[in-house]
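Residue-level structural notes
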Amino acid sequence: MWGIRLIIFMMSLAPTYQQFPRLCTTQDTLRTKECCPAWEGDGSACGAWSGRGSCEDVEISEQPDGPQYPFSGLDDREKWPLVFYNRTCQCAGNFMGFNCGDCRFGYFGENCNERRESLRRNIFHLTRAERNRLISYLNLAKQTVSRDYVVATGTYREMVNGSNPMFADVSVYDVFVWMHYYVSRNAQLGGPGNVWRDVDFAHWAPAFPPWHRVYLLLWEHEIRKLTGDMNFSIPYWDWRDAQGCDVCTDELMGAQSPQDPSLIRSSSVFSSWKVLCSQAEEYNNRGVLCNARNEGPLRRNPGNHNRSLVERLPTSAEVEFTLSLPNYDTGAMDRTANMSFRNTLE
């Protein structure tokens, strides 16, 4: 029944995560287009000496793009990750990661051979201690610079084919803020204001549910690595028939500030958070990417949204109707798809 669940990721494995391993953002790696870092366990590229993986040519689909994106060679995300890398680690068995140093989702242990299921729980069924732990983990991720990843602040062309790397340090949490921005941003066609809006590399198409599921699994995985709590799992909020933002309390995601309803009350830890990559139209107008700099406090104003786009939260009947649709996707498999489970869900 995952269709009834909105995973709590309130601010917001295929071999092609849209992120940049820190070890693969040097001039040498960008010029050679090879991202095959050594695994710390044995010092070999991709953990090859331990049978974890090997450095291989990237294989991508040769299927043409749909009519929603009638361009070629203009956007760094086309045929990802070939613009940046054409050789990466191909992991064996239950290993995964940019250097095959991690275990596939659902596997644990030194050799990644211990299978363990994770239980997703309703956030309102958590104990006070469990809620406090969730908030503390989120805040730790927000305050801790990512050890493994950086984010791109320029295009490959701006990086002069790799000779001028343009990357920035961000927190573990903000890696995922940037990742969602990067995959869903408008395609830049060159120059200020010249963008293509009719495509989104993670939405409006069949990849919508699987991309976001892997996205959340990877985020959960990074929280576990950061905290050492291998039992951590992201809870969910069942918002069917809810009349408002039930999780917008100081005990959970932060209540509204009485001084400014678009801000979070100062008694919540989230009131101190700063955002990045939140000004998509400004980037479009300037013809630039998000530079990963502080863009001010976290703002949220539930209930005062554009009701012509989203009138309210879904009802139980609407959820049941969505789940009853027999076809995963239909027609052009985009925003125009009719009687499509994916499009109705989205």
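Up top is the structure these notes are about.
The rules behind the values
Residues numbered from 1 in each chain as written. Predicted model: local features only at pLDDT ≥ 70, side-chain atom pairs only at ≥ 80, totals over all residues. Heavy atoms only, no water. Helix = DSSP H or I, 4+ residues; strand = E, 2+ residues; numbered from the N terminus. Rg over C-alpha atoms; globule rule 2.2 N^0.38 Å. Buried < 20%, exposed > 50% of the residue type's maximum accessible area, 1.4 Å probe, protein only. Areas by Shrake-Rupley, 256 points an atom, 1.4 Å probe, with all protein chains shown as cover. Lys, Arg positive; Asp, Glu negative; His and termini not counted. Charge placed at Lys NZ, Arg CZ, Asp CG, Glu CD. Pairing = 2+ DSSP bridges. Core = buried A, V, L, I, M, F, W, Y, C linked by side-chain atoms within 4.5 Å. Disulfide = S-S within 2.5 Å. Phe/Tyr/Trp six-rings, centres within 6.5 Å; stacked < 30°, edge-to-face > 60°.

**Quick word on the overall build of the protein**
- Summing up its helical and strand segments, the protein has seven helices and 14 strands in all.
- Taken against the 2.2 N^0.38 rule, which gives 20 Å for 346 residues, the C-alpha radius of gyration of the protein at 21 Å falls within 12% of a compact globule.
- Seen through its C-alpha atoms, the protein measures out along the principal axes to roughly 55 × 45 × 45 Å.
- The buried share of the protein, reckoned over its 346 residues, is 45%.
- As presented, the protein carries roughly 17900 Å² of accessible surface, and 50% of it is formed by carbon and sulfur atoms.
- In the protein, the 35 positive side-chain charges and the 41 negative ones have mean positions that sit 4 Å from each other.

**Overview of the sheet that holds strand β4 (residues 53–57)**
- Strand order in the open sheet formed by three strands is β3-β5-β4, and the pairing between neighbours is mixed. The open sheet is flanked by β3 (34–35) and β4, the only strands paired with a single partner.
- Looking at chain direction, β4 and strand β5 (residues 87–91) are connected through five bridges and run antiparallel. Paired with Ser54 across the two strands is Gln90, which belongs to β5.

**Focus on the sheet that holds strand β10 (residues 149–152)**
- The three strands are arranged β2-β10-β11 in an open sheet whose pairing can be described as antiparallel. Because the sheet does not close on itself, it has two edges, and the strands there are β2 (20–21) and β11 (167–168).

**Re the nonpolar core**
- Phe20, Phe84, Leu138, Trp178, Tyr181 and Phe270 are the most contacted members of the largest nonpolar core, which has 61 residues in total.
- Elements with a minimum of two residues in this core: α2 (128–143), β10, α3 (172–184) and α4 (208–227).
- Ranked by size, the runner-up nonpolar core spans nine residues in total, among them Cys46, Cys55, Cys89 and Cys100.

**A word on the state of the cysteines**
- Under the criterion given, the structure shown has seven disulfides.
- In this model, Cys245 is linked to Cys248 through a disulfide, with the two sulfur atoms separated by 2.0 Å. On the sign convention where negative is left-handed, the bridge of Cys245 and Cys248, at about 65 degrees about the S-S bond, is right-handed.
- The exposure class of Cys245 is partly exposed, given its relative accessible area of 23%.

**Observations concerning the packing of aromatic side chains**
- Counted under the stated rule, the structure contains 22 aromatic pairs.
- Plain terms: the ring middles of Trp80 and Tyr182 are 5.9 Å apart, the flat faces sit at 65 degrees to each other, and that makes the pair edge-to-face. With Trp80 in the loop between β4 and β5 and Tyr182 in helix α3, this pair connects stretches of sequence that are 102 residues apart. Each member of the pair, Trp80 as well as Tyr182, is classed as buried.

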